[in-house]
Amino acid sequence: MDEPAVIGRRVQRLRAQLGLTQRQLAEPAYTPAYVSTLESGKVRPSEAALRHLAGRLGTTYEELATGRPARLVTELRLGLTDAQRALATGEADEAAVHYRQLLTEAELHGLDEERAEALLGLGDCALETGELEDAVRHFEACERILAAEPLPRRARAVRGRAVAHILAGELRYACYLLESAIDELGTSGLADPEALVLLYAAVIGPYLDMGAQARAARAAELALALAPQVSDPALVAGMHRQVARTFLAEGRLADADASLAKAQSIYRQLRLRTDLAHCHWMRGYVYAQEGELDAAEQELRTARDMLAAKRAALFTAQVEVELADVLRRLGRHAEAMELLTPLTELGDQHGAVHAGGAHRLLGLICEERGETESAEEHYVTALGLLERSGASGDMADLCRLLGDLLRRTGRVEAALDAYRTGLGHRAAPGTTTLGPAPLPPRI
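Residues numbered from 1 in each chain as written. Predicted model: local features only at pLDDT ≥ 70, side-chain atom pairs only at ≥ 80, totals over all residues. Heavy atoms only, no water.

**What about the UniProt feature "domain: HTH cro/C1-type" (unreviewed entry) in the chain?**
Thought 1: Under the UniProt annotation, the feature "domain: HTH cro/C1-type" (unreviewed entry) is placed at residues 11–64.
Thought 2: For residues 11–64, the end-to-end C-alpha separation is 7 Å, with 67% helix and 0% strand making up the annotated structure. (UniProt positions renumbered as here; feature names shortened; annotations may be inferred. Helix = DSSP H or I, 4+ residues; strand = E, 2+ residues; numbered from the N terminus.)

**Focus: the confidence of the model for the chain**
Thought 1: Mean pLDDT over the chain works out to 84, with 91% of the residues at or above the 70 mark.
Thought 2: Taking the mean pLDDT of every element in the chain, the minimum, 80, falls on helix α5 (residues 61–66) and the maximum, 94, on helix α9 (residues 132–145).
Thought 3: A low-confidence stretch, residues 427–433 (pLDDT under 50), is modelled with nine contacts involving residues beyond four sequence positions or located in other chains. (pLDDT = per-residue confidence, 0-100. Contact = heavy atoms within 4.5 Å.)

**Observations concerning the packing of helix α20 (residues 352–368) against helix α21 (residues 372–386)**
Thought 1: The contact between α20 and α21 brings their axes to 8 Å, and the two run at 160 degrees. For the element pair α20 / α21, the angle class is roughly antiparallel. Remark: the crossing between α20 and α21 carries left-handed chirality. Across from Ala352, Val353, Ala355, Gly356, His359, Arg360, Leu362, Gly363, Leu364, Cys366 and Glu367 in α20, the residues of α21 making contact are Ser374, Ala375, His378, Tyr379, Thr381, Ala382, Leu385 and Leu386. (Axes fitted to C-alpha atoms, helices over the stretch in contact; angles between N-to-C directions. Parallel < 35°, antiparallel > 145°, perpendicular 65-115°, else oblique. Left-handed = near helix turned anticlockwise from the far one by under 90°.)

**Quick look at unusual backbone geometry**
Thought 1: Following Glu27, the chain continues to Pro28 via a peptide bond in cis, the omega torsion being 5 degrees.
Thought 2: Residue placement: Pro28 occurs in the loop between α2 (22–26) and α3 (32–39).

**Some details on helix α6 (residues 72–88)**
Thought 1: When the terminal C-alpha atoms of α6 are compared, their 24 Å separation across 17 residues agrees well with the 24 Å that a helix rising 1.5 Å per residue should span.
Thought 2: For α6, the secondary structure elements touched by its buried residues are α5, α7 (92–108), α8 (112–129) and α16 (273–289).
Thought 3: Remark: Gly90 follows α6 within two positions and exhibits a positive phi of approximately 95 degrees. (Expected span 1.5 Å × (residues − 1).)

Rendered as structure tokens:
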């Protein structure tokens, strides 16, 4: 509710616009003197008085008390829903325009809940388009607005910020953010199933990339156990998509494909085009693992085209690395190199992990073509790009490839150094880079 003086001026203005006297406004429940005192800002009106006056003035209690148009909150929420639908169907740029307009309107009228939702949407749009610094800024602003709210209300912002760091290759910090939130949910007694599924699903990817497969499997197990308590179908679909990654890591390809099929079915029903593209991407990866390269190429090209059409830059880059590997295995080196060469320009600012993956594949292609010096250069460049990310599995694999190359070219001592470095990255997966795993909360 606004200050008495502000409310008084508002009542006086509306009364004058309607041509009412203070007596006509006051009766039968109040006196003209009370209205006069109220309009001068000398008394704070009760809710009952404001509701009476609002009825006489043809407005609502909320508008009289706060100055907000009666339909504003409803219209803002409808706008947020429309923007969310645009983002879900892959129109990130269009959605961002809507979210910015809604944020401005919500800020103008001091509507914190709607401000937070608009900032979340802008953060998700920035993730889609690869603008990671903007994404972190929006998610942090959302967390500041919701600082006094329980953690389940802030879980989406925490998850969004963690995803931005994952895409930037900062896996350790992403794990720290997600694990801290999971621990806080457990210790505070706020073990909200939807918040937990959101956080567990998000932490699976960085766990696997860092070689912490046991933690990834445990997070997937807990997410699956909580899924029946989650009412949001899109969240359940996202969880199935991430759980499929743990099945892949364990060699359970049929289970992975079944999880992806569940996610794909939900995304089709909800018409979530970007998420559907991610399912095509992961199914392509499953087919590649099974050696069905033609089917893998088809799924990955579908995913790439869907994501590229929506300008999801970093996600498109990830798919192109996977597709180039399939093309390499099919012996189509020129096509693979055409895809990979632009990705090497991503560098440290954005997509260092993807650039590292591109250099690794270019190294393999050069080896297969007998160009050992170029292969070595690509492997060394890839190691430099991946070193700060903590992607232990990728680092160990690169060290093995580099060691094999050095050994074949007669540089045995250098090869041994590369192997030792690789073994260091594989020692005790997950324990050398992460602290204790978060305890499962009591539901």
